[in-house]
Amino acid sequence: MRRVTQLAAVVLSGSLGMASLAACGSTSDSGSTAGSGSTASAGAGGGGLKVGMAYDIGGRGDQSFNDSAARGLDQAKSTLGASVKELSAGANETDADKTQRLKDLAGAGYNPVIAIGYSYAGSLATVAKEFPNTKFAIVDSTVDAPNVTNLVFTEEQSSYLVGVAAALKSKSHKIGFIGGVNVPLINKFEAGFTAGVKATDPSATVTPQYLSQPPDTKGFSSPDLGKAAAQGMLDKGIDVVYAAAGSSGNGAIEAVAGKSGAWAIGVDSDQYNQDALAKNKAVILTSALKNVDVAVLDYIKSFKDNSLKTGTVTFDLKSGGVGYSKSNPAFASDSATIAKIETAKQAIVDGKVTPPTTVKK
Amino acid sequence: MNKLLKKIDGERLLLGLAAPVLAVVTALVVTALVLLASGKEPFQAFNVMLDYGSKADSQIYILNKATTYYLAGIAVALGFRMNLFNIGVDGQYRMAAFFAAVVGAQLHLPGVLHILVIVLVAMLVGAMWAGIAGLLKVTRGVSEVISTIMLNAIATSVIAYLLSPGRLAELDASGNVSTKVIPDSGHLFNIATKGGSLYGFIFVAVIVGIAFWWGLSRTRFGFDLRTAGGSDSAALASGVNVKRMVVTAMLLSGAIAGLVGMPELLNNSYQYSLNFPTGIGFTGISVALLGRNNPIGVAIGALLWAFIERATGHLEFAGYDKEIAGVVQGVIVLAVVIAYELVRRYGLRRQQSRVGRQLAAQAVPSKNQEVSA
Amino acid sequence: MANHDIDITVSRGTVHALVGENGAGKSTLMKILYGMQRPDEGTITVNGERVELHTPADAIARGIGMVHQHFMLADNLTVLENVVLGAERLHGIGGRARNAIKKISDAYGLDVRPDVLVEHLGVADRQRIEILKVLYRGARTLILDEPTAVLVPQEVEALFDNLRELKSEGLTVIFISHKLDEVLSVADAITVIRRGTTVASVNPREVNARQLAELMVGSELPSPETRESTVTDVPMLTVDGLRLSEIDPDGIDRVVLDSIGFTIHKGEVLGIAGVEGNGQAELVEAIMGMRKPDNGTVTLDGKDISQALTRTRREAGIGYVPEDRHRHALLLEAPLWENRILGHVTEQPNSRRGILNPAAARRDTERIVAEYDVRTPGIDVTAASLSGGNQQKLIVGREMSHNPKLLIAAHPTRGVDVGAQAQIWDQIREARREGLAVLLISADLDELIGLSDTLRVMYRGRLVADADPSTVTPEELGSAMTGAARGHLEHPAQDAADTADETDQAGE
């Protein structure tokens, strides 16, 4: 036993010693720029536009806003000839992990570097300071630094509009909202949506339900939870369900498709046109659009054109960064409804109506 | 006789090391196979890991992370030592860190005192949360596995309820919800190195480790705890109040769990927000298993765990799937559990036959020599 | 090596006894025969064919089966399920298996009921299931490791009838025991092992128990009897009106102990005889504070300790040698010196003011090992690696090291060889001379009669009879243990008649 202690003490002090020695050794940044020739050069072809992308948990393939960002990146790749490097966050991360991810990208010469999701805010503030010559962007959050562009969306506006649609289409005057995870970002959707409903039909009720509580993010990626929640709502007589819940929303749409006369409202992208939902697309009345792809592509474009704006760039109804979709013919042909939504839209654009961003608790 | 003892000790040491080494090697082999199966070259990956993981900033990262994992591992190990499966370290440290952050932000005290109060609050909250499971076990016979898992879920809900604008937290400009920032007096020192800042809390972790070792092996309380862990019935017969021991051990485990969030809170974020790290309690279980509930072993386990996370994090950059980390860690835990049991049985059998042999040798020295020669 | 130059030949259709001290190498030999351990050299021949046994499965395939000392049964399964467990391929798990079990049970008179849950069975029944398990797997040679250690005399007789039945069907039984009288009564041949080698093969008709014992120890034997009385009139332990009821697995509230009262004086050994399961274990645990009686008082040396914690009672001077040393007296995977601390962690030299003193504890362990002749290569080996007798010597040594006022010894020499047995007896006697009070519980009636100053018989949770050890015979005790006699057992025939009425009145 005693010897185990001694041995382990040696091992431990060895590793500590290494760390202090390393004060005069190399760090991973200096090392990787020198040693990462093989990795970086893989993407370093063409015009030298190297875009680094750091996704939030779920990464590419999450059927949600990571994917939306990925679409923008893919377009940049094909239209602008950018070479890209994509990394994604894992579970149980600390700011240190995110910091390192951004550093990895910036250190390897990727410029610009785009961080997807508000959880990068803290780490980006650190890294932006360390790499003043690299341009960064963050989606859904704001970081105050001269080389950072904040790409934020007015989700409450698009949600307000689909709220108007929901109120007009509901026969039972009972409307449901399914949020993926109970975080401020999703609260924004709920707040705008509820305001839209109430403004159109004061007698209607909106029942909100969140699929998980932070830090548990499974609510964004559990179609089964979404389905169960929607089913519960339908059973209570709710006939329009708006799901802002990532891929969990697919489950909700599936549940709605099982009940005639009920409508589902999609989120982020035009879900009527999504392959995964083709079977049930008839019940997707409309979708509250959040064009992350457009924002990402625009940002990369402006970087290439040297017309980059730093600070906060807001994608709102006016600029077309958010909106609602009219791909469902049953919805598009309902001109009375469309007209009312357009009126509401104009009111928002004109500043006559300002949808709330937070839910009163 | 003396020489004989040393021989047994040496063998015990060897057997003690055999299991983790076996486990890590198995994990490497399995990982290599997985990489090969996915059409990637494994040795290149290991090379990248080693290379990257040994960089100065990686070392600091590893030490900082290991500090957290170590505390979680010790919290779990304390329970394990008396056959209590505290699955609830996760909920305990989150509750503890949350309330410590709330209290810490309200206070304005001189430096050391401020930090002390925050740490004490964390330990108290952690102990309380774990104590619930202990009380349920001794009064109602509820398995602590079930109750701590449920308490984890309850902790999540409680924090989600309180951590919202207008309650105990506020919404900041970046769209994050967090408690108020703890004033400067409540910040623990960081040690600046070229690789970044090393959390001062690492010293607390070392002290906890020493206290854990000393408390268990050198005090009556520790002996009672180990007795209760070794054999319930023997503990009862020897006069250990097993029920009280269960509650005490849970309280202690919870108090240590309360420290898990402190490096992050006192050395880095200074507030509890939506991105406060989660799931460390479960890492603690793996680390405790890997370290055989031994304070030094847990330290090695924590360092290994942090190293794997750090090094595999970079694998994605080098074009490998980052899920490799999960594979390596999963296989290590599985292999460790199996390897320990194998080595333990082997060691026990071997010792039994060794004792028999030595007794026979003592009994008939001359004749035995002839026979075995 | 634990064994060298072992030569043993067992003829088919015989009961062959294997006797020897603990640590003499019997268990090792059995492990080799059962394929659990491999010999360095030498050969094993079964039915004229040389075999290599690598695993128990090999041994079973050769028709060798083993009934372990500690039963390996799953309490929550039925007899049928326990028997077929792991041997499902033989006759399935349904009707065929049931028939096979019935057939074996009838053929050898085992009287097994296949659908009873094992947890409801007594020790003797469990042992028969173990035997049946082995037979079910096709064994023609049975190895029984100390099968009588857990049985009362009547059950031993029943077991021997079973063994004779097996023998008459042409099966071979290898029988390990310490109880030489039993060996002599059932065995057809006896092999004596001492210090890892076979020292003699004798015919049971030509030796007596004493000669056999001397062969085992290799020297003259001490006698268990001492008659000079050391009993004083100072009460040390007084138990009064102890009553304990517990809810059994069927949910029925059962009285386990009822109006138990007795006094043990300084220098007195009170022996309690009884068939196992009549409340002896509960009585001991109630005195130790491990169970909470419904009412009654326990007074130690004038102090009422009825409400005291187990630890307080131990500190007050109760030494405890439990019935099941593996469960209650040892940490099997801890080294000897830690086992020396067990139960006395708050006392010198183990600790002071809450801090352990490993160095002192180790020194004292060395002393116990030397004084009590614990055969071990050192104090850092685990308790599990010692033989049962040596474990017991360590336990007795430990309990005697804290100058107890009262020693509770439950089956102190169970599973212990003659040599160690004599030592333990000596220790108890010596302590008693120094004023120790002893509560002795034993299934070994010779031990009870030989050591006790006073005898009480326990039956269904009551102390139903008492006897003077200098005049009582094992047979008289035996009949009281089965509830056939009550009161004072001085003149058996007459007393039994006298107390018959009393029995009826006091009856349940």
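Residues numbered from 1 in each chain as written. Chains lettered and ligands numbered in written order. Predicted model: local features only at pLDDT ≥ 70, side-chain atom pairs only at ≥ 80, totals over all residues.

A.B. asks: I'd like a description of the packing of helix α5 (residues 95–107) of chain C against helix α6 (residues 123–136) of chain C, backed by residues and values.
C.D. replies: Residue and element names in this part refer to chain C. The contact between α5 and α6 brings their axes to 10 Å, and the two run at 115°. One finds that α5 runs roughly perpendicular with respect to α6. Handedness of the α5/α6 crossing: right-handed. Counted together, Ala100, Ile101, Ile104 and Ser105 of α5 and Leu132, Leu135 and Tyr136 of α6 form the full contact between these two elements. (Axes fitted to C-alpha atoms, helices over the stretch in contact; angles between N-to-C directions. Helix = DSSP H or I, 4+ residues; strand = E, 2+ residues; numbered from the N terminus. Parallel < 35°, antiparallel > 145°, perpendicular 65-115°, else oblique. Left-handed = near helix turned anticlockwise from the far one by under 90°. Contact = placed C-beta atoms within 7 Å.)

A.B. asks: Explain the pairing of strand β17 (residues 406–410) of chain C to me, using residue names and the numbers behind them.
C.D. replies: It is a general feature of regular strands that their side chains alternate between the two faces of the sheet. All names here are of chain C. Counting buried residues along β17, five of its five residues qualify, which places the element largely inside the surrounding structure. Alternating residues of β17 divide into Leu406, Ile408 and Ala410 and Leu407 and Ala409, and every residue in both groups is buried. Here strand β14 (residues 318–321) runs beside β17; their pairing, made up of four bridges, is parallel. What sits directly across from Tyr320, in β17, is Ile408. As judged from the five bridges shared by β17 and strand β18 (residues 437–441), these two strands associate in the parallel manner. Bridge assignment links Leu407 to a residue of β18, and that residue is Val438. (Buried ≥ 20, exposed ≤ 12 C-beta atoms within 10 Å, placed from the backbone. Pairing = 2+ DSSP bridges.)

A.B. asks: Give me the sheet that holds β17(C): which residues, what numbers.
C.D. replies: Residues and elements named next belong to chain C. Read across the open sheet, the seven strands follow the order β14-β17-β18-β11-β19-β20-β21; overall the sheet is mixed. Edge positions in the sheet fall to β14 and β21 (487–488), since each has one partner strand and no second. Sheet analysis places strand β19 (residues 454–459) next to strand β20 (residues 462–467), joined by five bridges and oriented antiparallel. Bridge pairing in β20 links Val457 to Ala465.

A.B. asks: Give a detailed account of the domain arrangement of chain C, specifying residues and quantitative values.
C.D. replies: Segmenting chain C into domains produces domain 1 (15–217), domain 2 (224–317 + 404–508) and domain 3 (327–402). The distance between the C-alpha centroids of domain 1 of chain C and domain 2 of chain C comes to 32 Å. (Domains from an automatic or database assignment.)

A.B. asks: How would you sum up the sheet that holds strand β7 (residues 205–212) of chain A? Please name residues and give values.
C.D. replies: Residues and elements named next belong to chain A. In space, the six strands of this open sheet follow the order β7-β6-β8-β9-β10-β12, with mixed pairing throughout. For this open sheet the edge positions go to β7 and β12 (322–324), each flanked by a neighbour on one side alone. Direction aside, the axes of adjacent strands within the sheet are offset by 15° on average. Note: strand β6 (residues 174–181) against strand β8 (residues 240–244), five bridges, orientation parallel. Across the sheet, Ile178 pairs through a bridge with Ala243, a residue of β8.

A.B. asks: Can you break down helix α13 (residues 335–349) of chain A residue by residue, with the values?
C.D. replies: All names here are of chain A. Here α13 is 15 residues long and its end C-alpha atoms lie 20 Å apart, about the 21 Å a rise of 1.5 Å per residue gives. Buried residues of α13: Ile341, Ala344, Lys345 and Ile348, and no others. Buried residues of α13, viewed axially, fall in a sector of 105°; they line one side. Away from its buried face, by an angle of more than 90 degrees, α13 presents the exposed residues Ser335, Ala336, Ala339, Thr343 and Gln346. Residues of α13 that are buried in the fold lie against α7 (155–169) and β12. Remark: Gly351 follows α13 within two positions and exhibits a positive phi of approximately 85°. (Expected span 1.5 Å × (residues − 1). Arc of directions from axis to C-beta.)

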